Amino acid sequence: LFSYIASGMVERRILARDAEVSSQYVNSIVRLAGAVSYFHGDAVNPKAPEMEAFFRQVSGLPEVLGANVYGFNRTVLWSSDSAQTGRQYLGIDSLEAAFRGELHPEIESAEGHDEGGEHVEFPSGVSQYIETYVPVWSADGKSVAGAVEVYRSAASILDEISAVRHVIWLGSAIGAAVLFLT
């Protein structure tokens, strides 16, 4: 029971930390590119040099399979899947959570990937991915101006989680054996 609880907690903490680092990275790119003002309002210019610099940086994140950038009105300003650009998505719980300033990373199966939804197309051979909606904070850091949906390869994080689980289970088994022998 301890091993099960501890390994689940470790998985959640690793995913949460990964999401925090992604959030810090995305928001630093927004600030450096001077792109935060382009997330508000209806007259967003995705061709502005600041936005193009931001898009290049987002698509260059480590292990990124795809990304969507949402304006304040939940419209896709840019996507690694050009068919998504300009579409508006309302009522997606994870997206709404990002606009409340929350991070909810999830490991998803590529087999259950919904066609025609807000998800981008993945390269072949991807079985699992991490989906994270990252809030883009305003210049003063007090409100959310937009969101970035990032799909990343789950392979390296799943390897780390698996290694930690093995250590937890092995430690529990050794502890149980010592208690039994005692």
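Before going further, it helps to spend a moment on the pattern of salt bridges. Working definition: two side chains of opposite charge can pair if their charged atoms are close together. Summed over all chains, the structure comprises six salt bridges. Here Arg 165 makes a salt bridge to Glu 11, at a shortest N to O gap of 2.4 Å. Taken together, the residues Arg 165 in helix H4 (residues 155-181) and Glu 11 in helix H1 (residues 2-33) connect sequence positions 154 residues apart. According to the relative accessible area criterion, Glu 11 is partly exposed, its value standing at 22%. For the salt bridge of Arg 74 with Glu 96, the shortest nitrogen-to-oxygen distance reads 2.8 Å. Of the two residues, Arg 74 sits in the loop between strand S1 (64-70) and strand S2 (76-79) while Glu 96 sits in helix H3 (residues 93-99), which places them 22 residues apart along the sequence.

Another point: the side chain of Ser 22. Mapped onto the fold, Ser 22 is located in helix H1. Under the relative-accessibility criterion, Ser 22 is labelled buried at 11%. Sequence-distant contacts of Ser 22, that is, excluding residues within four places in its chain, are made with Val 134 and Arg 152.

Below, the discussion takes up helix H2 (residues 49-59). Where H2 is concerned, the buried positions are Met 51, Phe 54, Phe 55 and Val 58. Projection of H2 onto a plane perpendicular to its axis shows the buried side chains occupying an angular sector of 100 degrees, all on one side. Away from its buried face, by an angle of more than 90 degrees, H2 presents the exposed residues Pro 49 and Arg 56. Next to the buried residues of H2 lie H1, S1, S2 and strand S5 (144-153).

With that settled, consider H4. Counted at 1.5 Å a residue, the expected span for H4 with its 27 residues is 39 Å, and the 39 Å between its end C-alpha atoms agrees. The set of residues buried in H4 consists of Ile 157, Ile 161 and Ile 168. If you follow the buried residues of H4, they end up packed against H1, strand S3 (106-109) and strand S4 (128-137).

So, about the sheet that holds S4. Spatial strand order, S2-S1-S5-S4-S3: five strands in an open sheet with antiparallel pairing. On the outer flanks of this sheet lie S2 and S3, each paired with one strand and no other. If you compare each strand with its neighbour and ignore which way they point, the axes differ by 25 degrees on average. Sheet analysis places S1 next to S5, joined by six bridges and oriented antiparallel. Looking at the pairing, Val 69 lines up with Val 148 of S5.

Reading guide: rules and limits
Residues numbered from 1 in each chain as written. Predicted model: local features only at pLDDT ≥ 70, side-chain atom pairs only at ≥ 80, totals over all residues. Heavy atoms only, no water. Salt bridge = Lys/Arg side-chain N within 4 Å of Asp/Glu carboxyl O. Helix = DSSP H or I, 4+ residues; strand = E, 2+ residues; numbered from the N terminus. Buried < 20%, exposed > 50% of the residue type's maximum accessible area, 1.4 Å probe, protein only. Contact = heavy atoms within 4.5 Å. Arc of directions from axis to C-beta. Expected span 1.5 Å × (residues − 1). Pairing = 2+ DSSP bridges. Axes fitted to C-alpha atoms, helices over the stretch in contact; angles between N-to-C directions.

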